[in-house]
Amino acid sequence: MGSFIYKMINLKKTKSICLSSIIIFLMGCGSQKETVKKYARPNIIFIMSDDHAYQAISAYQDNLIATPNIDRIAEQGMLFSNACVTNSICAPSRATILTGKHTHLNGKIDNRLPFDTTNITFPILFQQAGYQTAMFGKLHFGNNPKGIDDFLILPGQGNYINPDFITPRGDTTIIGYVTDIITDLTLSWLNQKRDPEKPFMLMYMHKAPHRPWWPRADKFKEYSKMNFPVPSTLFDDYKGRGSAAKKAEMNVLYDMKYGHDSKIRPETIVEMGSVMPKVPPMNWDGVDGFYQNYNRANDEQKALYDPIIDSINNEFRKYWPSMSREEKMRWKYQRYMQDYLGTIASIDDNLGRLLDYLKETGLDQNTMIIYTSDQGFYLGEHGWFDKRFIYNESFKTPLLIKWPEHIAPGSKNDEMVQNLDFAQTLLDVAGIKAPMDMQGESLLPLLRGEDKWNREAVYYHYYEYPAVHMVKRHYGIISKTYKLVHFYYDVDEWELYDRMKDPSELNNVYKDPAYTSIVARLKLELKDLRIKYQDSEVLDQQFIDVYRDNGWL
Ligand code: SGN
Ligand code: CA
């Protein structure tokens with residue numbers, strides 16, 4: 001899918017430069033403390049990582065990685081423990097965030113179909129209201145952002161090593177590591193380009209920790225030696241669930257690629273011969289996944305990666321043939337976590353650079369900072385990686401917000417808030433009127449600690465099927481206590497989870513007589529939500545027909 005979108009964008013290289021070094025030099029020249037200006041309107045920094053599971057933020061869960069800088073936002077502001085998305089996949093989540101509408105209304109139901117650029121997005125409204133706007137990093141729409149004065153965005157999924165960027169002035173390749181570069185660009189804009197007379201709305205959007213997970217070489221070295229705790233459901237056999245969970249192709253043991261994901265060189269696989277399953281180490285396009293990424297590195301960078309890759313390959317050659325299936329799963333899980341979390345270590349370091357800069361310049365005082373992800377991610381729970389499902393780890397998303405003098409430091413909120421709410425929240429904070437057809441709610445009362453929130457349940461709808469990872473289409477209603485799901489395409493199956501008694505969602509109690517009246521009530525509420533958000537069977541069918549018309553079914 002990533003490459004599909006990548007190919008659709010006709011990259012025209014105009015220059016290839018080592019921007020980071022120039023930026024670092026420029027930044028050193030301008031770090032004197034700026035006079036703090038109390039604008040009537042606050043600045044906004046919207047920070048989003050790609051596929052960042054809340055389990056990998058120590059303010060949420062501290063047994064995998066320490067993220068002291070992300071945690072600073074929680075310490076100085078509010079952490080939302082029940083934040084979730086409307087459709088757990090990248091571009092649809094971004095479309096919902098920008099438009100404040102469910103994906104069936106903004107049209108971006110999946111990563112494949114184009115984003116309708118006639119949509120009104122919150123950056124357009126900020127720009128019209130006199131804000132300076134900028135975006136650096138991953139957008140993933142296949143078209144340039146509207147309402148943004150300055151941007152450098154990655155084409156499609158982007159790359160970790162020596163990434164290409166789309167800019168208003170043409171395309172470029174920047175030498176270095178993507179997370180460092182996106183931060184350099186952001187800091188350089190704040191320091192050099194920002195107009196101090198205007199408030200700004202800045203979007204700082206990481207590619208990390210999206211697959212294929214390539215940490216910076218020093219983090220790769222550090223994390224490849226680590227051992228991580230295994231989730232209790234790593235060996236889930238999907239009994240007690242419907243066919244969607246059983247048929248999904250996102251199991252760490254069976255679906256993760258040796259080369260593309262685990263960094264086993266194709267030569268090693270060939271050398272091991274019949275010991276290996278007859279699955280080549282290919283990525284989804286049939287290209288050799290390992291070299292596709294590795295070959296982006298120049299000789300100097302390869303020299304840093306090579307010793308670590310060699311040691312992983314040596315270990316693999318030595319131990320893999322005699323491992324039991326369980327040991328293989330554990331080995332792949334560790335490789336997965338080492339690389340995934342290694343990319344997050346760079347996010348946290350770089351966020352620290354940004355937070356320090358804001359503090360040094362006094363800019364932090366009148367700036368709201370939001371940290372979130374486009375969705376959650378499975379870190380071995382249910383044996384999975386990836387997202388898409390309405391089940392907890394991918395349905396939830398991290399959300400931490402700080403805004404000095406407005407949000408009480410160290411506060412927590414457990415309301416069912418959604419990425420659908422972000423646009424209206426930001427507009428509200430800036431005093432800009434939100435269009436009537438936005439479908440979320442401003443979170444401002446919650447941020448102020450006020451007791452004004454009436455939402456009991458949220459609506460979710462996932463579409464991208466058939467496609468990579470093969471997660472069936474489904475919609476559902478989720479409250480703090482229950483989750484009712486309808487898998488409606490290919491199958492007609494309902495699932496109900498008792499979120500209080502079964503937080504790991506292992507037992508579908510839809511047919512359990514003890515839940516008959518709850519099912520009946522939730523079905524009515526789900527129907528009401530479908531009407532409220534203007535979703536319907538007619539639309540469900542239209543989106544199936546689009547796939548048929550494109551030959552994707
Ligand atoms: C790529 C990934 C998939 C992932 C999709 C969508 N494969 O195709 O694992 O589900 O992106 O991700 S990769 O090995 O080529 O990266 S999303 O975050 O953009 O929705
Ligand atoms: Ca994503």
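For the structure itself, look to the data block above.
Remarks on the side chain of Asp364
Moving on, step 1. Looking at where Asp364 falls in the secondary structure, it is placed in the loop between α14 (325-361) and β9 (367-373).
Moving on, step 2. For Asp364, which is buried and forms no salt bridge, the nearest opposite charge comes from Lys402, at a distance of 4.6 Å.
Moving on, step 3. Ignoring anything within four residues of it in the chain, the contact list for Asp364 reads Leu358, Lys359, Lys402 and Pro404.

Re the sheet that holds strand β13 (residues 474-479)
Moving on, step 1. In spatial order, the strands read β12-β13-β14-β15; together these four strands make up an open sheet with antiparallel pairing. Looking at strand neighbours, the two that pair on one side only are β12 (457-462) and β15 (493-498), the edges of this open sheet. Averaged over all pairs of adjacent strands, the angle between strand axes in this sheet comes to 15 degrees, irrespective of strand direction.
Moving on, step 2. Here six bridges tie strand β14 (residues 482-487) to β15, and the two strands are oriented antiparallel to one another. Directly across from Val485, in β15, lies its bridge partner Glu495.

Describing the packing of helix α3 (residues 68-76) against α14
Moving on, step 1. Running from N to C, α3 and α14 cross one another at 50 degrees; their axes reach a closest spacing of 7 Å. In terms of axis orientation, α3 runs oblique to α14. Residues Pro68, Asn69, Ile70, Arg72 and Ile73 of α3 lie in contact with α14, whose contacting residues are Asp348, Asp349, Leu351, Gly352, Leu355 and Asp356.
Moving on, step 2. In the contact of α3 with α14, the residues fall into five nonpolar, two polar and four charged.

Section: the site of ligand 1
Moving on, step 1. Around ligand 1, the structure places 20 residues, and the nearest of them are His260, Asp386, Lys387, Arg388 and His469.
Moving on, step 2. His260 places a side-chain nitrogen or oxygen 2.4 Å from an oxygen atom of ligand 1.
Moving on, step 3. One nitrogen or oxygen atom from the side chain of Lys387 is found 2.8 Å from an oxygen atom belonging to ligand 1.
Moving on, step 4. Within the complex, the protein chains bury 96% of what would otherwise be the 460 Å² of accessible surface of ligand 1.
Moving on, step 5. Class assignment of the residues belonging to the shell around ligand 1 gives a composition of five nonpolar, eight polar and seven charged.

Thresholds applied
Residues numbered from 1 in each chain as written. Chains lettered and ligands numbered in written order. Predicted model: local features only at pLDDT ≥ 70, side-chain atom pairs only at ≥ 80, totals over all residues. Heavy atoms only, no water. Helix = DSSP H or I, 4+ residues; strand = E, 2+ residues; numbered from the N terminus. Buried < 20%, exposed > 50% of the residue type's maximum accessible area, 1.4 Å probe, protein only. Lys, Arg positive; Asp, Glu negative; His and termini not counted. Salt bridge = Lys/Arg side-chain N within 4 Å of Asp/Glu carboxyl O. Contact = heavy atoms within 4.5 Å. Pairing = 2+ DSSP bridges. Axes fitted to C-alpha atoms, helices over the stretch in contact; angles between N-to-C directions. Parallel < 35°, antiparallel > 145°, perpendicular 65-115°, else oblique. Nonpolar A, V, L, I, M, F, W, Y, C, P; charged D, E, K, R; others polar. Near = heavy atom within 4 Å. Polar contact = N/O pair within 3.5 Å; in protein donor to acceptor, adjacent residues only side chain to side chain. Areas by Shrake-Rupley, 256 points an atom, 1.4 Å probe, with all protein chains shown as cover.

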